[in-house]
Amino acid sequence: MISYAECSARERLALLLDAGSFHEWLPPSERVTSPHLAQLGVPCAFDDGVAVGRAMLDGRSVFVAAQEGAFMGGGVGEVHGAKLVGLMQRALRDRPAAVLLLAESGGVRLHEANAGLIAVSEVMRALLDVRAAGIPVLVLIGGANGCFGGMGIVARCADYIVMSDVGRLAMSGPEVIEASHGVDEFDSRDRALVWRTTGGKHRWLTGDCDALVEDDVAAFRAAAIAAIGESRPLTLAALEQEHALLTARLHALPAENADGANGANNAGIDEAMRLWSALGIADAQQVPELSVEAVRALRTI
């Protein structure tokens, strides 16, 4: 077993895809770097923190992008986003079997401000264009930095999400919530709380990801292969189904427990556990200690 979380972006590409099949576009040798970081005197990376290219997965042609969490937390800037958009646009022309996004990002690169925000919005639009063309977009989440901010939205725009139990997915990261609303709202230092509310097990139980796997590159590869054909048409019915899922989740908790706080009480039950119980999961307090296989069997939605 090789830990997916402990691999770099290029290590994941080498181990996840068919051996030797990855061909990178705009590799580090091209030195396509962010102009904004240079102006600020901030060190840059010659690939701007993301590797994009074509490859084979189980003998099928795929386009793939892998974000490098070790560079600025995988933050999306102008060039980083442009590489992702270019990948999607080329997919419309060449029509691979799927587009894979190995996401590891804290969201927009704050150093680039509006340029980063615009980049994320362009990535979302390009991704939806690919989906509308019938090409499935698969997002794999299991890196140490999680998938937050704008990239969290990008992930939820995709056809299919694979997460490990150590992966994390949300709009606002724990530190952002704490900084905005205080430690009483969300204690970012409480790692168990963080994983209960943003981790792979939680996202699986609430229907926010489509496959829950072990923190193992081989498990991610197998899940990606299985999901290549999982194209989901962008229709009004599909959107209404998604809204129904969100509405059911919103109303699953009694009103007095749905106030946005973490809900910790003397019994050690927080909002995540209350929601799991409301969704019909017995012994919700035991979920964090259960194996991935055991948690997969608990899903009710």
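Predicted model, so just to flag it, every value in this text is computed and none were measured. (Residues numbered from 1 in each chain as written. Predicted model: local features only at pLDDT ≥ 70, side-chain atom pairs only at ≥ 80, totals over all residues. Heavy atoms only, no water.)

For the rest of this paragraph, the subject is the confidence of the model for the protein. Considering every residue of the protein, the mean pLDDT works out to 91; 95% of them sit at 70 or more. Low pLDDT, under 50, characterises residues 257-267; the predicted model gives this stretch 21 contacts beyond four residues in sequence or across chains. (pLDDT = per-residue confidence, 0-100. Contact = heavy atoms within 4.5 Å.)

What follows deals with the environment of Phe148. Tracing the sequence through the fold places Phe148 in the loop between strand S5 (137-141) and helix H5 (149-156). Look at Phe148 and you get buried, because its relative accessible area is 5%. Sequence separation between Phe148 and Phe220 is 72 residues; the distance between their C-alpha atoms is 20 Å. (Helix = DSSP H or I, 4+ residues; strand = E, 2+ residues; numbered from the N terminus. Buried < 20%, exposed > 50% of the residue type's maximum accessible area, 1.4 Å probe, protein only.)

Turning to the packing of aromatic side chains, a few remarks are in order. A full pass over the atoms with the stated rule returns two aromatic pairs. When the centroid spacing of 4.0 Å and the interplanar angle of 25° are considered together, the rings of Tyr4 and Phe220 count as stacked. Of this pair, Tyr4 sits in the segment before helix H1 (9-16) while Phe220 sits in helix H9 (residues 217-227), placing them 216 residues apart in sequence. Both rings, one in Trp25 and one in Phe63, keep their centres 5.1 Å apart while their planes meet at 90°; by these two values the pair is edge-to-face. (Phe/Tyr/Trp six-rings, centres within 6.5 Å; stacked < 30°, edge-to-face > 60°.)

Turning our attention to the state of the cysteines. Scanning the entire structure with this criterion turns up zero disulfides. Looking at Cys147, it has no disulfide partner, and the nearest cysteine sulfur is the one in Cys157, 11 Å off. Of the cysteine sulfurs around Cys209, a residue in no disulfide, the closest is that of Cys147, at 12 Å. (Disulfide = S-S within 2.5 Å.)

Another point: the packing of helix H3 (residues 78-94) against helix H4 (residues 113-132). Describing two packed helices takes the angle between their axes plus the distance from one axis to the other. Running from N to C, H3 and H4 cross one another at 15°; their axes reach a closest spacing of 8 Å. Between H3 and H4, the angle falls in the class roughly parallel. Here H3 runs over H4; the crossing is left-handed. Across the interface between the two elements, Glu78, Gly81, Leu84, Val85, Met88, Ala91 and Leu92 from H3 touch Ala115, Ala119, Glu122, Val123, Ala126, Leu127, Asp129 and Val130 from H4. The residue makeup of the contact of H3 with H4, split by class, is 11 nonpolar, one polar and three charged. (Axes fitted to C-alpha atoms, helices over the stretch in contact; angles between N-to-C directions. Parallel < 35°, antiparallel > 145°, perpendicular 65-115°, else oblique. Left-handed = near helix turned anticlockwise from the far one by under 90°. Nonpolar A, V, L, I, M, F, W, Y, C, P; charged D, E, K, R; others polar.)

On to the nonpolar core. Formed by 47 residues in total, the largest nonpolar core has its most connected members in Val99, Leu101, Val139, Ile141, Val154, Ile161 and Trp276. Of the residues forming this core, the biggest block, seven residues, is contributed by H4. Here Val154 is in contact with Leu101, Val120, Val123, Met124 and Leu127, once residues within four sequence places are set aside. Listed in part, the 28 residues of the second largest apolar core include Leu100, Leu140, Val217 and Ala227. (Core = buried A, V, L, I, M, F, W, Y, C linked by side-chain atoms within 4.5 Å.)

Here the focus is H4. An α-helix turns once every 3.6 residues. As a result, residues three or four positions apart point the same way. Under the 1.5 Å per step criterion, the end-to-end length of H4 is 29 Å for 20 residues, consistent within 8% with the ideal 28 Å. Tucked into the core, H4 has its buried residues touching helix H2 (35-40), H3, strand S4 (98-103), S5 and H5. (Expected span 1.5 Å × (residues − 1).)

Here we come to the sheet that holds S4. Read from one edge of the open sheet, seven strands run S1-S2-S3-S4-S5-S6-S7, paired in mixed fashion. The open sheet is flanked by strand S1 (23-25) and strand S7 (211-213), the only strands paired with a single partner. Averaged over neighbouring strand pairs, the angle between their axes works out to 20° when direction is ignored. Where strand S2 (residues 50-57) meets strand S3 (residues 60-67), eight bridges bridge the pair, whose relative direction is antiparallel. The residue of S3 that forms the bridge with Val50 is Gln67. (Pairing = 2+ DSSP bridges.)

This brings us to the environment of Ile135. Within the secondary structure, Ile135 is located in the loop between H4 and S5. You can call Ile135 buried: its relative accessible area is 2%. As for Ile135 and Pro96, which are separated by 39 residues in sequence, their C-alpha atoms are 7.3 Å apart.

Turning our eyes to something else, we now look at unusual backbone geometry. With a phi close to 50°, Leu26 is a non-glycine residue in the positive phi region. Inspection of the secondary structure assignment puts Leu26 in the loop between S1 and H2. One non-glycine residue, Arg31, adopts positive backbone phi at about 55°. For Arg31, a relative accessible area of 56% translates into the label exposed.

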